[in-house]
Amino acid sequence: MMRGYVVQLWLVLLVLVLGVEAFPWTELHLPPEHIAIFFNNNPTVAEECRKSSSCPYKMHLDRAACWGYEDGCTAEHSYSQPSCPGDAKGWVQTKQEQISTFIEQGDFGYIKTQRNQLQVYCQPEGEEDSSLECTDHLQFCRGKNIYIDFRPLKHRKEIVHYHMDVLEMGQIGGHCRLNKELLGKNAVLISPLQSWGPEMRFFTEQEEPVQPGRKMCDRWVNTPTFIMKLDATVNMYHHFCDFFNLYTSQHLNNSHESAFSRNTQILIWETLPYRSNFGVVFDAFTKTPVWTLNHVAGERVCFKDVVFPLLPRMIFGLYYNTPIIWGCEKSGLFHAFSRHILHRLGVAGRSQGDGTIHITLLSRNTEFRRVLNEAQLIKALRSDKKFIVRKAEYSHRMDFRQQLRQDQWTDVFIGMHGAGLTHLLFLPDWAVIFELYNCFDPNCYKDLARLRGIKYITWENSTLLKPEDEVPNQPGCDRYVGYWATSSKYQASTRQA
C-alpha cells in the first residue's frame, strides 16, 4: 500500500516539476467543432492545453460554446440551432414554445431533462463505497463498485436474448445504503428494451465492500463499462437506435474529461455471439473487443465504473418512439452524433458543391419493395449531365465504412421505405432524402430527416405508383413485389421536387 502511494506521489511531482503532460492529446479524437465545448466543460484540461507546448487544440480555447444542457448555456452559444419555420398545428401557442418543445423532445434539451431526473438510489457512506444513480423509471443508471453475479448463466441452456430473468434478488448490488422506496416506485417499466427495471429491481445492499481482491469478486473490471441491451442488429434503423442512445448516454454521463473516451468496455446483455455489418460503429466508442454475457458467465464480476445506458425502445425515447412537434427540424444532438461517428471512423466529409449533383439510388435485392423499372429510372437520371448517378447495393458484403464514404458523395439519396434510408443520418447537411414510397408509414423517415436537418421528399401523387403481384395477408409495402413509375413521369416529378 505504502509503495503504491510513493509511486503516485512521484508521478505527481513529475507532472509539476518536469512538465510531464497528464492528458493524452492524441486520444481526444473529437470533431473540430466539438473541441471548444469539451474545453468549456473541462476547464482543467483547457488550462493544461494552454500551458502545454504540444497541445494541438489551442485554437479552440476561449471560444464561447456549449452543447445546450449545461447550466448557463445560452441559445446564442448552444451547439443546437433548431429551425421551426412550419406551423405547430395546434401543439403550442407561440413560436418560442414550439422551439423549446422540439429541443426537449429530440435535442440536447432531452438530455437536460434526463440529467435533472438523476437521483441517488444507493448512497455511499464511505469514500470507497458503492453508489448507484438512476433517472426516472430506471431508464438510465450509473454506478461505482457494483457487484453482479453471473454464475447461474454458466448452467443456463436457454439463449439470453430479450430476456428479463437474467438476475434474481441479490445478484446485483453494492456496499451502500439503498433507498428501497425510491427503487420500488421506479421499477415499474418491466420490459426488455424500455428500462433497466428488470435488472435493478433486484438490487440489494452487500454486507462487504465491493473492492479489488475481495472474495466476492471473481473478476474485477477496472475499465469503465457500458452494459447494453440491443435492438435488432441486422437492421440499420434499429441498431442505430442502440448507437445513438449510447452516444446520448455519454452526454448524460458527461461529468468527467473521459466521458467520450474510447478506453471503455462494452458488455452486451445477451449470450448470442455479436455479429453485425454495423459492428464497426463500436470502434467510435471503444478500443477493446465487445463482450457478451458469455464472457462473464460463471463469474461474480465487480465493476469499478459502470453505465446502464438509455435503451432503444423507451417510451418517448430517442429516436424510436420519439414524438416530434410539427414544423421543426435540425436537432443539434443528431447533427453532433453524425459528426462524432464519421470522425471517429475516419470518414472524411466534403465541402458543398462541385458543379454536379451526386445521386445515390439504393437498390434492394429483396422479395418485396423492389423498384421494378429501376434501370429505366437510372437511365432517365443519367440523361441529365448535371447528375452523377450511382446505384448502391448496400449489404453485408460491402464494408460499412465504405458505405459511409459513399454517403459523403451523395447530394440526393433515393430509395424505397426501409432500414437503408437510415443512411440519411450521415449525408451532408445540404442533402435531400427521396423516399420513393413510404409504405403507409409516412412519418418514420420524414421525422428522422427532420431531426437530422436534411430535406425530405416523397411521391405526392400515388397514381404514379402501381403495385404488381399483390400478395394476400401481407401488411404495408410487403403486399407488393415492387412498384414502378414511368420514366417520363419520374422526370417530371423530379423537376417539380
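Numbering of residues starts from 1 in every chain and runs along the sequence as written. With pLDDT at 70 or above as the cut-off, local features in this predicted model cover only qualifying residues; side-chain atom pairs require 80 or more to be listed or tallied, and sums for whole chains, interfaces and linings still use all residues. Excluded from the side-chain calculation are hydrogens and water; included are all heavy atoms of the structure.

Colleague: Looking at this structure, how should I read the packing of aromatic side chains?
Modeller: Any pair of aromatic rings gets described here by the distance separating the centres and the angle formed by the planes. Aromatic contacts are taken between Phe, Tyr and Trp rings whose centres are within 6.5 Å, Trp giving its six-membered ring; a plane angle under 30 degrees counts as stacked, one over 60 as edge-to-face, and the others as tilted. The full count for this structure, using the stated rule, is 29 aromatic pairs. Arranged with centres 5.3 Å apart and planes meeting at 40°, the rings of W67 and F108 form a pair that is tilted. Of this pair, W67 sits in the loop between α3 (43-51) and α4 (95-106) while F108 sits in helix α5 (residues 108-117), placing them 41 residues apart in sequence. Across the pair, F108 and W67 agree in class, each one buried. Only DSSP runs of H or I with at least four residues qualify as helices, and only runs of E with at least two residues qualify as strands; both kinds are numbered from the N terminus onward. Only protein chains enter the accessibility calculation, which uses a 1.4 Å probe; a residue whose area is less than 20% of its type maximum is buried, one above 50% is exposed, and one in between is partly exposed.

Colleague: What exactly am I supposed to notice about the environment of R339 here?
Modeller: The topology assignment puts R339 in helix α9 (residues 332-344). Placed 306 residues apart in sequence, R339 and E33 show a C-alpha to C-alpha distance of 9.0 Å. Contacts are assigned to residue pairs with any non-hydrogen atoms lying within 4.5 Å of each other. Those residues in contact with R339 that sit more than four places away from it in its chain are P31, E33, H34, Y79, D429 and R452.

Colleague: Just checking my understanding: could you explain the packing of α5 against helix α8 (residues 236-252) for this structure?
Modeller: Working note: a packed helix pair is described by the angle between its axes plus the distance between those axes. Angular values range over 0 to 180 degrees, each being the angle between N-to-C directions of two axes fitted as lines to C-alpha atoms, with helices fitted over their stretch in contact. Between α5 and α8, whose axes approach to 10 Å, the crossing angle comes to 55°. On the basis of their axis angle, the class for α5 and α8 is oblique. Relative to α8, α5 is oriented so that their crossing is right-handed. Contact residues: α5 offers F108, I111, Q114 and R115, while α8 offers T248, H251 and L252. Across the contact of α5 with α8, the residue classes tally to three nonpolar, three polar and one charged. An angle below 35 degrees is read as roughly parallel, one above 145 as roughly antiparallel, one from 65 to 115 as roughly perpendicular, and any other as oblique. What makes a crossing left-handed is the near helix being turned counterclockwise from the far one by less than a right angle; a clockwise turn instead makes it right-handed. Just so you know the grouping, Ala, Val, Leu, Ile, Met, Phe, Trp, Tyr, Cys and Pro go in nonpolar, Asp, Glu, Lys and Arg go in charged, and all remaining residues, Gly too, go in polar.

Colleague: Is there a simple way to think about the pattern of salt bridges in this case?
Modeller: Pairing is possible between side chains that carry opposite charge, provided their charged atoms lie close to one another. Salt bridges are defined as contacts in which a side-chain nitrogen from Lys or Arg sits within 4 Å of a carboxyl oxygen from Asp or Glu. By the definition in use, this model includes 23 salt bridges. One salt bridge in this structure joins E133 and R142, with 3.0 Å as the shortest N-O distance. Overall, R142 belongs to the buried group, its relative accessible area being 17%. The closest approach of N and O atoms between K386 and D384, which form a salt bridge, is 3.3 Å. Take K386: its relative accessible area is 47%, and that puts it in the partly exposed class. Members of the salt-bridge network, linked through shared partners, are E33, R339, D429 and R452.

Colleague: I keep staring at the nonpolar core and nothing clicks. Help me out?
Modeller: Among soluble globular proteins, nonpolar side chains are generally buried collectively. Ranked by size, the top nonpolar core spans 123 residues in total, and within it F39, F150, M200, F203 and F240 carry the most contacts. Beyond its immediate sequence surroundings of up to four residues, F150 is in contact with L267, W269, L293, V296, A297, G298, E299, V301 and F303. Residues I378, F387, V389 and V412 belong to the second largest nonpolar core, which totals 20 residues. Note on terminology: a nonpolar core comprises buried Ala, Val, Leu, Ile, Met, Phe, Trp, Tyr and Cys residues joined through side-chain atoms within 4.5 Å.

Colleague: How should the pairing of strand β8 (residues 225-228) be read in this particular structure?
Modeller: Here is the key point about a regular strand: its side chains alternate between the two faces of the sheet. Alternating residues of β8 divide into T225 and I227 and F226 and M228, and every residue in both groups is buried. Criterion used throughout: strands pair if DSSP finds at least two bridges between them. Two strands pair when backbone bridges link them, and β8 and strand β9 (residues 265-268) are joined in this way by four bridges, in the parallel orientation. Residue M228 lies in a different strand from β9, and its bridge partner there is I268. Consider the strands pointing away from the viewer: the crossover is right-handed when the path from the first strand over the helix to the second runs clockwise. Each parallel crossover has a hand, and the one from β8 via α8 to β9 is right-handed. Summarising the sheet, β8 and strand β11 (residues 300-308) pair through two bridges and their orientation is parallel. Looking at the pairing, T225 lines up with V306 of β11.

Colleague: Hey, could you run me through the pairing of strand β2 (residues 131-134) in this one?
Modeller: Pairing of strand β1 (residues 119-123) with β2, which is carried by three bridges, proceeds in the antiparallel orientation. Residue pairing in the sheet places C122 in a bridge with L132 of β2. Relative to strand β3 (residues 141-149), β2 runs antiparallel, the two being bridged by four bridges. Paired with S131 across the strands is K144, a residue of β3. Where β2 folds back on β3, the antiparallel hairpin that results is connected by six residues, among which H137 adopts a positive phi of roughly 60°.

Colleague: What is the right way to look at α5 in this model?
Modeller: Given 3.6 residues to a turn, an α-helix orients residues that are three or four positions apart in the same direction. Taken as a whole, α5 has its buried residues at F108, G109, Y110, I111, Q114 and Q117. Buried residues belonging to α5 abut α4, β1, β2, α8 and α9.

Colleague: What exactly am I supposed to notice about the packing of α4 against α5 here?
Modeller: Contact geometry for α4 and α5: axes closest at 4 Å, N-to-C directions at 65°. The angle between the axes of α4 and α5 places the two elements in the roughly perpendicular class. Where α4 crosses over α5, the handedness of that crossing is right-handed. The residues of α5 that touch α4, namely those facing I103, E104 and Q105, are F108, G109 and Y110.

Colleague: Explanation requested: the sheet that holds strand β12 (residues 357-362) in the structure shown.
Modeller: Within a sheet, each strand pairs with its neighbour through backbone hydrogen bonds, oriented either parallel or antiparallel. Strand order across the open sheet formed by five strands is β14-β12-β15-β16-β17, with parallel pairing between neighbours. The open sheet has two free edges, formed respectively by β14 (387-392) and β17 (455-458), since each of these has just one partner strand. The sheet shows a mean angle of 20° between the axes of neighbouring strands, taken without regard to direction. Where strand β15 (residues 412-415) and strand β16 (residues 432-435) come together, four bridges link them in parallel fashion. Pairing of F413 across the sheet is with I433, part of β16.

Colleague: Would you explain the state of the cysteines in this entry?
Modeller: As used here, a disulfide is simply a covalent bond connecting the sulfur atoms of two cysteines. Disulfides are defined in this document as cysteine sulfur pairs within 2.5 Å. Applying the stated criterion to the full structure yields six disulfides. Across a sulfur-sulfur distance of 2.0 Å, C84 and C328 are joined as a disulfide pair. Taking the torsion about the sulfur-sulfur bond, which here is approximately 110°, the covalent link between C84 and C328 counts as right-handed. Here C84, found in the loop between α3 and α4, pairs with C328, found in the loop between β11 and α9; they are 244 residues apart in sequence, far enough to count as distant. Neither C84 nor C328 differs from the other in exposure class; each is buried.

Colleague: Would you mind going over the confidence of the model for the protein with me for this structure?
Modeller: Detailed reading of the predicted coordinates is not advisable wherever pLDDT falls low. The predictor attaches a confidence to each residue, and that confidence, scored 0 to 100, is pLDDT. Summarising the model, the protein shows a mean pLDDT of 89, and 89% of its residues fall at 70 or more. Between residues 1-20, whose pLDDT stays under 50, and residues either more than four places distant or in other chains, the model counts four contacts. This model gives residues 479-497 a pLDDT under 50, and the stretch forms 55 contacts once residues within four places in sequence are excluded.

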